[in-house]
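A structural walkthrough
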Amino acid sequence: MIIAGNWKMNPNYQAASALFDVLAHHFPEANSRCEIVCFPPSCYFTMAREKLIKTDISWGAQNCHQQEKGAFTGEISAQMVAEFGGSWVLLGHSERREYYSESDALVSDKLAAALAAGLRPVICVGEPEAVRVRGAQDEFVQKQLAASLENIAELTAEAQKAALSRLVIAYEPVWAIGTGQVASLQDIAEMHQGLTAKIASLFGSNLPQAGVPILYGGSVNAENAQEILAIEGVSGALVGGASLKADAFLSICLSAG
Ligand code: PGA
């Protein structure tokens, strides 16, 4: 199980410091059930590196640029994250897709950059509410996934195997993010089944034996985590709001396994 906290553009400096301290302190019990990953804002990378150093809690960036370096004011590259000690990157979060117009092709280019830098990418996919209402979610999300993974599809078999062994997918229905409106257990189970089948059809025998982990995200909290994590095909959770509350996040970690 992987439990990942997406802090988004939160919290302030003091609260971030306190959150890292609590995680580091409780790490042995929480980590016994799952692999814990934090995605803090990049200005807190030094803090993440220093405060998590004695733990196995890993951390990463919420985004990266598709190029290794250059005149891209305001951006950071996957290489920079890796050199600084981060080991993960979130890519294609629905907020990036919506507010920064990130297309599947761009997500796929960022994925290639993340893999080249040695990071573990979490590729986020999920349908908006209107798509769910008309019942087209499976087709929408599977298409989004295939296009976001295009750059892996083009690799040689050996490179593809290496890439797939590091890949993680997060299914996050857009209408469930930050709304408290969690998807039903059946909806989650069906989507994860469909995504597993899609990944198998795309990559077949190049997949790792245990498959590619698929996390669920969207209003996961301390109360609903246990039943969500118990769904077959759910390999963990990507947690937004509840990852900012140490107690709630630790409780979600303890619900795993
Ligand atoms: P939420 O966010 O848990 O606040 O719904 C999840 C996410 O955006 O990754």
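Please read all numbers here as calculations on a predicted model, not as lab measurements.

With that out of the way, let us pick up the environment of Gln160. Tracing the chain through its elements places Gln160 in helix 9 (residues 157-164). C-alpha of Gln160 to C-alpha of Val174: the two residues are 14 residues apart in sequence and 29 Å apart in space. Setting aside chain neighbours within four positions, we find Gln160 in contact with Ile152, Ala153, Leu155, Phe203 and Asn206. Of the polar contacts made by the side chain of Gln160, one reaches the backbone oxygen of Ala153; its length is 3.5 Å.

A few words now on the nonpolar core. Grouped burial of nonpolar side chains is what soluble globular proteins tend to show. Core analysis: the biggest nonpolar cluster contains 68 residues, and Ile3, Leu167, Ile169 and Tyr216 have the highest contact counts within it. The residues contacting Tyr216, other than those within four sequence positions of it, are Tyr171, Pro173, Ala176, Val182, Ala183, Ile188, His192, Ile228, Val234, Gly236, Ala237 and Leu238. Counting residues in hydrophobic clusters, the runner-up holds 12 residues, among them Ala4, Val37, Trp88 and Ala170.

Alternating residues of strand 8 (residues 236-239) divide into Gly236 and Leu238 and Ala237 and Val239, and every residue in both groups is buried. Strand direction decides the pairing type here: strand 1 (residues 2-6) and strand 8, joined by 4 bridges, are parallel. Paired with Gly5 across the strands is Val239, a residue of strand 8. As paired strands, strand 7 (residues 214-217) and strand 8 are joined by 2 bridges and run parallel to one another. Pairing of Tyr216 across the sheet is with Ala237, part of strand 8.

Reading the values: the criteria
- Residues numbered from 1 in each chain as written.
- Predicted model: local features only at pLDDT ≥ 70, side-chain atom pairs only at ≥ 80, totals over all residues.
- Heavy atoms only, no water.
- Helix = DSSP H or I, 4+ residues; strand = E, 2+ residues; numbered from the N terminus.
- Contact = heavy atoms within 4.5 Å.
- Polar contact = N/O pair within 3.5 Å; in protein donor to acceptor, adjacent residues only side chain to side chain.
- Core = buried A, V, L, I, M, F, W, Y, C linked by side-chain atoms within 4.5 Å.
- Buried < 20%, exposed > 50% of the residue type's maximum accessible area, 1.4 Å probe, protein only.
- Pairing = 2+ DSSP bridges.

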